Amino acid sequence: MNSLDHMDGNCAGAAAVSSFFTFAYAWDPPQQWLSYAAVAVLGSCLGFLQFNWKPARIFLGNSGAFLLGFLLAAISILGSWASKDEPVKAVLVPILLLGVPLYDITLATFLRYKNRVVTNLYEAIVYC
């Protein structure tokens, strides 16, 4: 999430979208605690977004972006879909729930390498 914090509203918006879909997917009776955590992340992102639109008055910074990334990663692996019985579902559901941030990071890395902002792929991945 730290690499998404370069534009106004991008990091918190992507986290809000991911946490909303996590909430929607986890709203089963056995996983209500997980959906409550996703709603808490969603609410904090939406509350923060009103001050982070252009022109931004406050920013997440490294700590805020890392916290959002950690919370989304923890929520996505704590669901009942992450079981040993269905390994394909255990891998695909977190990838789909975090699809917006993963797509943005992949696209930024590819475009930086294509436009020769970095000279090798290692620099494009590390410094993206």
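Residues numbered from 1 in each chain as written. Predicted model: local features only at pLDDT ≥ 70, side-chain atom pairs only at ≥ 80, totals over all residues. Heavy atoms only, no water.

(A) Structural detail: the overall build of the protein chain. When its secondary structure is counted, the protein chain shows six helices and zero strands. Going from the N terminus to the C terminus, the protein chain shows its helices and strands as α-α-α-α-α-α. Seen through its principal axes, the protein chain has C-alpha atoms that stretch 50 × 35 × 20 Å. Burial analysis of the protein chain (128 residues in total) assigns 32% to the buried set. Long-range pairs, those at least 24 residues apart, make up 57% of the contacts in the protein chain between residues at least 6 apart in sequence. (Helix = DSSP H or I, 4+ residues; strand = E, 2+ residues; numbered from the N terminus. Buried < 20%, exposed > 50% of the residue type's maximum accessible area, 1.4 Å probe, protein only. Contact = heavy atoms within 4.5 Å.)

(B) Looking closely at the environment of Phe21. On the secondary structure map, Phe21 appears in helix H1 (residues 10-26). Along the primary structure Phe21 and Leu96 are separated by 75 residues, whereas in three dimensions their C-alpha atoms are 9.2 Å apart.

(C) Looking closely at H1. When the terminal C-alpha atoms of H1 are compared, their 24 Å separation across 17 residues agrees well with the 24 Å that a helix rising 1.5 Å per residue should span. Looking at the buried side of H1, the elements it contacts are helix H2 (32-49), helix H3 (61-77), helix H4 (87-97) and helix H5 (99-114). (Expected span 1.5 Å × (residues − 1).)

(D) Summary view of the packing of aromatic side chains. A complete count under the given rule lists three aromatic pairs for this structure. Between the aromatic rings of Phe20 and Phe21, the centroid separation amounts to 5.4 Å while the plane-to-plane angle is 70°, which identifies the pairing as edge-to-face. For Phe21, a relative accessible area of 46% gives the class partly exposed. Aromatic pair Phe23 and Trp27: ring centres 5.6 Å apart, planes at 50°, arrangement tilted. (Phe/Tyr/Trp six-rings, centres within 6.5 Å; stacked < 30°, edge-to-face > 60°.)

(E) Focus on the packing of H1 against H5. It is at 8 Å that the axes of H1 and H5 come closest, and there the two elements cross at 140°. One finds that H1 runs oblique with respect to H5. Across from Asn10, Ala14, Val17 and Ser18 in H1, the residues of H5 making contact are Val100, Pro101 and Asp104. The residue inventory of the contact of H1 with H5, partitioned by class, reads four nonpolar, two polar and one charged. (Axes fitted to C-alpha atoms, helices over the stretch in contact; angles between N-to-C directions. Parallel < 35°, antiparallel > 145°, perpendicular 65-115°, else oblique. Nonpolar A, V, L, I, M, F, W, Y, C, P; charged D, E, K, R; others polar.)

(F) How the structure looks around a nonpolar patch on the surface. Judged by side-chain polarity, Val17, Phe20, Phe21 and Val100 come together as a nonpolar surface patch covering roughly 340 Å² of accessible area. Here the element with the most residues in the nonpolar patch is H1; it accounts for three residues. (Patch = residues over 30% accessible without salt bridge, like charges linked within 9 Å, V, L, I, M, F, W, Y side chains within 5 Å. Areas by Shrake-Rupley, 256 points an atom, 1.4 Å probe, with all protein chains shown as cover. Salt bridge = Lys/Arg side-chain N within 4 Å of Asp/Glu carboxyl O.)

(G) Seen up close, the environment of Asn62. Here Asn62 lies in helix H3. For Asn62, a relative accessible area of 49% translates into the label partly exposed. Between the alpha carbons of Asn62 and Thr109 there is a distance of 19 Å; along the sequence they are 47 residues apart.

(H) Region of interest: the environment of Glu86. Following the sequence through the fold, Glu86 ends up in the loop between H3 and H4. As for Glu86 and Asp104, which are separated by 18 residues in sequence, their C-alpha atoms are 28 Å apart.

(I) The state of the cysteines, seen in detail. Under the definition given, this model contains zero disulfides. Unpaired in terms of disulfides, Cys11 finds its nearest cysteine sulfur in Cys45, a separation of 7.5 Å. (Disulfide = S-S within 2.5 Å.)

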